[in-house]
Amino acid sequence: MHEFPWAEATATGIGSHPGEDHVEALRVVFGELPVPYLPELPGRGVGADMIGRTASLLVELPVEVQPSGWRFTDRPGRDFKRARDHLSRDLDALEEVAQGYAGPLKIQVCGPWTLAGAVELRHGDKTLADPGAVRDLVESLAEGVATHVAEVRKRVPGAEVILQLDEPGLPGVLAGTVRTASGFGRLPAVEPMPAAERLRTVLRAAEPARTPRKGAGQGSDGESSEGKGSGPFTIVHCCAPDVPFQVLRTAGAQGISLDAALLRRRDEDHIGEAIEAGMAFLLGVVPGTDSRLPDIGVVARPATELWRRLGFAPARLARQVVLTPACGLAGASPAYARVALATCAKAARVLREDPGE
């Protein structure tokens, strides 16, 4: 079983927050959660969105905004700089708010397959349409993620970094349902093994044993050893139906984050195998937009009932399962975002105090 960087009965958030006040968002997550994270505020505009924010981490692959969305370009421009500036301000605020903090700290980055399905090549088709371009993007992203993790560790020396890759687009990539840039066709499905291999490259990017990239397009992971236990704890978040559990396990993810409301009984065999293998599960149990929230026992019920149906020892529940909102909170009000996170934290205690026999 993996060593988890959090204590029992814990909760965290997915990533996005409402509004434009990044300092206040940080104060909320550090004030309400056992596992705080670096919030994303897409309401700030271009470059604060999930795609632009992560694209700003890419090494030697600048991007810009076109009417159709983000696209690779020859040289960094205003949009790229704006995205970098947003992230730099967020890191400055993180360093201030987290001063003296020691413990788990989660950061979120768009995963390579969702990014490849969103960013267009210079000639206008999606990166996903060109396997060579996907390879270059993955290597560039891996290098950028390693630098980002190192920067977070420098800003918050006491942090046990948790790296979350957001892959809402991965099921569509595997199913062949991603639209071409024109919208009139669909891109071919990616086979599970190549999908897992590319994902693994980014998940393992920040391990200290990783050697520098020799050059985009070489197709090598550029790793010398596994760096046992010394890299960040890695999670893949997929708030879509048909979570590809086997691909995520093959890629080496140590945890899976998903919306509990989208789980179906046919998923439970895969979930049981992953739990048995020691993976963590981050279960989304409260809506991401303003709603009337039920009692904390009801909030915790999807986790306790799933655990009971799968037949695992109740003592493991509070250690292996983390409660979260169902998805990001960008569409919520600031007041609801705070309450949703606080509710997840309170409901997580139920997993320890009343896990159900």
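Keep in mind that this is a model prediction, so the values were computed, not measured. (Residues numbered from 1 in each chain as written. Predicted model: local features only at pLDDT ≥ 70, side-chain atom pairs only at ≥ 80, totals over all residues. Heavy atoms only, no water.)

**Regarding the overall build of the chain**
Across its full length, the chain carries twelve helices and eight strands. The C-alpha atoms of the chain give 19 Å as radius of gyration, which agrees with the globular expectation for 357 residues (21 Å, within 12%). Reported as C-alpha extents along the three principal axes, the dimensions of the chain are approximately 60 × 40 × 40 Å. For the chain, the proportion of its 357 residues judged to be buried stands at 55%. Within the chain, contacts between residues at least 6 apart in sequence are counted, and of these 71% link residues at least 24 apart. Roughly 14,800 Å² of accessible area belongs to the chain as shown, and the carbon and sulfur atoms make up 49% of that amount. Taking the average location of the 40 positive side-chain charges in the chain and that of its 46 negative ones, the two points are 1 Å from each other. (Helix = DSSP H or I, 4+ residues; strand = E, 2+ residues; numbered from the N terminus. Rg over C-alpha atoms; globule rule 2.2 N^0.38 Å. Buried < 20%, exposed > 50% of the residue type's maximum accessible area, 1.4 Å probe, protein only. Contact = heavy atoms within 4.5 Å. Areas by Shrake-Rupley, 256 points an atom, 1.4 Å probe, with all protein chains shown as cover. Lys, Arg positive; Asp, Glu negative; His and termini not counted. Charge placed at Lys NZ, Arg CZ, Asp CG, Glu CD.)

**Examining the sheet that holds strand S4 (residues 158-166)**
Taken in spatial order, the six strands make up an open sheet running S3-S4-S5-S6-S7-S8, and their pairing is parallel. At either margin of the open sheet sits one strand with a lone partner, and together these are strand S3 (102-110) and strand S8 (321-325). Within the sheet, the average angular offset between the axes of one strand and its neighbour, ignoring direction, is 25 degrees. Running over the sheet, helix H12 (residues 334-353) touches strand S7 (280-286) and S8 and is turned about 160 degrees from S8. (Pairing = 2+ DSSP bridges. Axes fitted to C-alpha atoms, helices over the stretch in contact; angles between N-to-C directions.)

**Description of the confidence of the model for the chain**
A low pLDDT score tells you not to read the predicted coordinates there in detail. Looking at the chain as a whole, the pLDDT averages 91, with 92% of positions reaching at least 70. Here residues 210-229 is modelled with pLDDT under 50, and outside its nearest four sequence neighbours on either side it reaches 35 contacts, counting other chains as well. (pLDDT = per-residue confidence, 0-100.)

**Let's talk about the side chain of Arg155**
Here Arg155 shows up in helix H5 (residues 131-155). Owing to a relative accessible area of 15%, Arg155 belongs among the buried residues under this scheme. At 3.3 Å, the side chain of Arg155 forms a polar contact with the backbone oxygen of Leu91. With near-sequence residues (within four places) excluded, Arg155 lies in contact with Ser88, Leu91, Asp92 and Glu95. (Polar contact = N/O pair within 3.5 Å; in protein donor to acceptor, adjacent residues only side chain to side chain.)

**Brief notes about helix H1 (residues 22-32)**
Within the sequence span of H1, burial applies to His22, Val23, Ala25, Leu26, Val28, Val29 and Phe30. In this structure, the buried residues of H1 make contact with helix H3 (78-97), S3 and H12. The backbone nitrogen of Val23 has a side-chain oxygen 3.2 Å away, supplied by the residue at the start of H1, namely Asp21.

**A few points about the packing of H1 against H12**
Viewed as axis vectors pointing N to C, H1 and H12 meet at an angle of 20 degrees, and their least axial separation amounts to 9 Å. With respect to their mutual orientation, H1 and H12 come out roughly parallel. As for the relative orientation of H1 and H12, their crossing is right-handed in sense. Contacts between H1 and H12 pair Glu24, Val28, Val29 and Glu32 from the former with Arg338, Leu341, Ala342 and Ala345 from the latter. Residue classes in the contact of H1 with H12 are distributed as five nonpolar, no polar and three charged. (Parallel < 35°, antiparallel > 145°, perpendicular 65-115°, else oblique. Left-handed = near helix turned anticlockwise from the far one by under 90°. Nonpolar A, V, L, I, M, F, W, Y, C, P; charged D, E, K, R; others polar.)

**Quick notes on unusual backbone geometry**
Of note in the backbone geometry, Glu60 takes a positive phi value of approximately 60 degrees without being a glycine. Following the sequence through the fold, Glu60 ends up in the loop between helix H2 (50-55) and strand S1 (63-66). One non-glycine residue, Asp242, adopts positive backbone phi at about 60 degrees. Here Asp242 shows up in the loop between strand S5 (233-237) and helix H8 (245-251). By relative accessible area, Asp242 is classed as partly exposed at 43%.

**With respect to helix H9 (residues 268-276)**
Looking at H9, one finds that the buried residues are Glu268, Ile271, Gly272, Ala274 and Ile275. All buried residues of H9 project into a common sector of 165 degrees when viewed along the axis, lining one side. Set apart from the buried face of H9 by more than 90 degrees, the exposed residues are Asp269 and Glu276. Elements that come into contact with the buried residues of H9 comprise H8, S7, helix H10 (296-310) and helix H11 (314-320). Downstream of H9 by a residue or two, Gly278 has a phi angle that is positive, lying close to 95 degrees. (Arc of directions from axis to C-beta.)

**Details of the pattern of salt bridges**
For the coordinates displayed, the defined rule picks out 19 salt bridges. Ionic pairing is found between Arg155 and Glu151, a salt bridge with its closest N-O pair at 2.7 Å. One end of the pair is Arg155 and the other is Glu151, both in helix H5 and four residues apart, which spans about a single turn. Taking the shortest distance from any N to any O, the salt bridge between Arg265 and Glu268 comes out at 3.7 Å. Residue Arg265 is classed as exposed on the basis of its relative accessible area, which comes to 60%. Each of Asp92, Glu95, Glu151, Lys154 and Arg155 takes part in one network of salt bridges that share partners. (Salt bridge = Lys/Arg side-chain N within 4 Å of Asp/Glu carboxyl O.)

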